[in-house]
Amino acid sequence: DAKTTQPPSMDCAEGRAANLPCNHSTISGNEYVYWYRQIHSQGPQYIIHGLKNNETNEMASLIITEDRKSSTLILPHATLRDTAVYYCIVRVKTSYDKVIFGPGTSLSVIP
Amino acid sequence: SAVISQKPSRDICQRGTSLTIQCQVDSQVTMMFWYRQQPGQSLTLIATANQGSEATYESGFVIDKFPISRPNLTFSTLTVSNMSPEDSSIYLCSVAPHSQETQYFGPGTRLLVL
């Protein structure tokens, strides 16, 4: 079973920041938080991951609470192309640890 | 990152037949994973394929129904055997490259069973 819970859907106005929450209260000390997204009819795309510090890349920022029981993915300036299902996943940072998907959050960016 | 291709990209098949899906990666990878995504659902892991050993199947999936081959470090196949309409799904290949811990996904194979 997935180790995370996310809201099933969210809306965001184009140009505004999209903040996608994720709860992972049973996360282990060696597990990272990963985010993927799946645009309709495509394979999932890796976005970002982190352990306990906040992370930022060209796509998004990841904010992890101090107790690591929850996190937020931030898309700073959402565009229509960001409409997708976003998956929050916790896993050990090794190529041998499989990615288990929950239902994710369906983000709709509205013009 | 890794560039992953899958063949076929889509197919329409008759019930009772079998389809073999190919997954090709542009670099050597240790682990390959096969997922199924039924209409309107999230991805479900079918099995993990490590080169040189038998695939490890998740609960609810068996080798007779979904045989997997992993002949080398850049290639794998998944066969959907004795298909029924319930097998209509997107089948995705995923890899975890040696030097990276991030898992990357192929574009998927869209299967419709009539």
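Residues numbered from 1 in each chain as written. Chains lettered and ligands numbered in written order. Predicted model: local features only at pLDDT ≥ 70, side-chain atom pairs only at ≥ 80, totals over all residues. Heavy atoms only, no water.

### Here's the deal with the sheet that holds strand S3 (residues 19-25) of chain B
Residue and element names in this part refer to chain B. Our working definition: Two strands pair if DSSP finds at least two bridges between them. Secondary structure counts use DSSP, requiring at least four H or I residues in a row for a helix and at least two E residues in a row for a strand, with both numbered from the N terminus. Note on geometry: axes are C-alpha line fits, over the in-contact stretch for helices, and angles between N-to-C directions span 0 to 180 degrees.
The sheet built from 4 strands is open, its strands ordered S1-S3-S8-S7 with antiparallel pairing. Edge positions in the sheet fall to strand S1 (4-7) and strand S7 (68-72), since each has one partner strand and no second. Ignoring strand direction, the axes of neighbouring strands in this sheet form an average angle of 15 degrees. As paired strands, S3 and strand S8 (residues 75-80) are joined by 6 bridges and run antiparallel to one another. Note on S8: the bridge partner recorded for Ile21 is Leu78.

### Quick look at the packing of aromatic side chains
The description of an aromatic ring pair rests on the distance of the ring centres and on the angle between the ring planes. So the rule is basically this: Only the six-membered ring of Trp is used, alongside the rings of Phe and Tyr, when aromatic pairs are assigned; centres must lie within 6.5 Å, and planes under 30 degrees apart are stacked while those over 60 apart are edge-to-face, with the rest tilted.
A full pass over the atoms with the stated rule returns 10 aromatic pairs over all chains. Pairing Phe101 of chain A with Phe105 of chain B gives two aromatic rings, centres 5.5 Å apart and planes at 70 degrees, and the pair type is edge-to-face. Highlighted residues: Phe101 of chain A in the loop between strand S8 (84-92) and strand S9 (105-110) and Phe105 of chain B in strand S10 (residues 104-105), drawn from two different chains.

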